[in-house]
Amino acid sequence: RLGVGFMLLNNENKILIAKRIDTKVNGWQMPQGGIEEGETPSQAVMREMKEEIGTNNALIIAESKYWYFYDVPKFMIPKLWGGKYRGQKQKWFLLKFLGQDSEIRVDTENQEFKEWKWSSSKEMMKVIVPFKNTLYKAVINEFKDYIKG
């Protein structure tokens, strides 16, 4: 499935990560979602941001040069999204958050996350779902000139 992901930075260059509501494991991740028919990746990322964290008060700083891929581990497929998705091909965006933390709300209409926090890239890599490790390292590397920490 084609999708987008976003790395949202605050004024301290911390990255927004959120804990999934549909898993018992420590399922932290950067928000992501699908591209709908007729949408450009940049339109999709702004829509997904609003849907997943309640605001899209942000500015796109960079778009990944590449499409990144990840596969959901086979044992997890039936447990996630009703077995509908097995992985994604994603375009990633780096965004600068322009708002206040109070604008961020994960209790959205189609809630995917139970909590969120700001994290350094090193802290993030310790708490993310393991099957996204390679993907996140690649995204961090691509956006490294913008991130500190």
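In what follows, the accompanying structure is described. (Residues numbered from 1 in each chain as written. Predicted model: local features only at pLDDT ≥ 70, side-chain atom pairs only at ≥ 80, totals over all residues. Heavy atoms only, no water.)

## Some details on the pairing of strand β2 (residues 15-20)
Moving on, step 1. Counting buried positions along β2 gives 6 out of 6 residues, so the element sits mostly inside the fold.
Moving on, step 2. Pairing geometry for β2 and strand β7 (residues 113-119), over 6 bridges, is antiparallel. Within the sheet, the bridge partner assigned to Ala18 lies in β7 and is Trp116.
Moving on, step 3. Pairing of β2 with strand β3 (residues 28-29), which is carried by 2 bridges, proceeds in the antiparallel orientation. Residue pairing in the sheet places Lys19 in a bridge with Trp28 of β3. (Buried < 20%, exposed > 50% of the residue type's maximum accessible area, 1.4 Å probe, protein only. Helix = DSSP H or I, 4+ residues; strand = E, 2+ residues; numbered from the N terminus. Pairing = 2+ DSSP bridges.)

## A few points about the environment of Tyr66
Moving on, step 1. With respect to the helices, strands and loops of the structure, Tyr66 is situated in strand β5 (residues 58-71).
Moving on, step 2. Spatially, the C-alpha atom of Tyr66 lies 8.2 Å from that of Trp92, the residues being 26 residues apart in sequence.
Moving on, step 3. Ignoring sequence-local partners within four residues, the contact set of Tyr66 consists of Gln90, Lys91 and Glu142. (Contact = heavy atoms within 4.5 Å.)

## Here's the deal with the environment of Gly99
Moving on, step 1. When you line up the elements, Gly99 lands in the loop between β6 (87-97) and β7.
Moving on, step 2. Exposure remark for Gly99: the relative accessible area of 19% places this residue in the buried category.
Moving on, step 3. Taking the C-alpha atoms as reference points, Gly99 and Thr55, separated by 44 residues in sequence, lie 8.6 Å from one another.

## Quick look at the packing of aromatic side chains
Moving on, step 1. Counted according to the given criterion, the structure contains 4 aromatic pairs.
Moving on, step 2. Their ring planes at 80 degrees and their centres at 6.4 Å tell us that Tyr66 and Tyr68 sit as a pair that is edge-to-face.
Moving on, step 3. The interplanar angle of 75 degrees and the centroid separation of 5.8 Å between the aromatic rings of Trp92 and Tyr136 together place this pair among those described as edge-to-face. Linking Trp92 in strand β6 with Tyr136 in helix α3 (residues 133-142), this pair joins segments that are 44 residues apart in sequence.
Moving on, step 4. Classification of Trp92 as buried rests on a relative accessible area of 0%.
Moving on, step 5. Taken together, the ring pairs in this structure connect Phe97, Trp116 and Trp118 into an aromatic cluster.
Moving on, step 6. The ring of Trp67 has Lys89 lying over it, and the distance from NZ or CZ to the ring centre is 5.6 Å.
Moving on, step 7. Across the ring face of Trp28, the terminal group of Lys117 is positioned such that the distance to the ring centre comes to 4.6 Å. (Phe/Tyr/Trp six-rings, centres within 6.5 Å; stacked < 30°, edge-to-face > 60°. Lys NZ or Arg CZ within 6 Å of the ring centre and 35° of its normal.)

## Quick word on the nonpolar core
Moving on, step 1. Core analysis: the largest hydrophobic core is formed by 21 residues, its most contacted members being Met7, Ile15, Met30, Trp92, Met124, Tyr136 and Phe143.
Moving on, step 2. Counting residues per element, this core draws most heavily on α3, at 4 residues.
Moving on, step 3. Residues contacting Met7, with those up to four places away along its chain left out, are Ile15, Met30, Trp92, Phe93, Leu94, Leu95, Val139, Ile140, Phe143 and Ile147.
Moving on, step 4. In this structure, Val4, Leu16, Leu95 and Ile104 belong to the second largest nonpolar core, which totals 15 residues. (Core = buried A, V, L, I, M, F, W, Y, C linked by side-chain atoms within 4.5 Å.)

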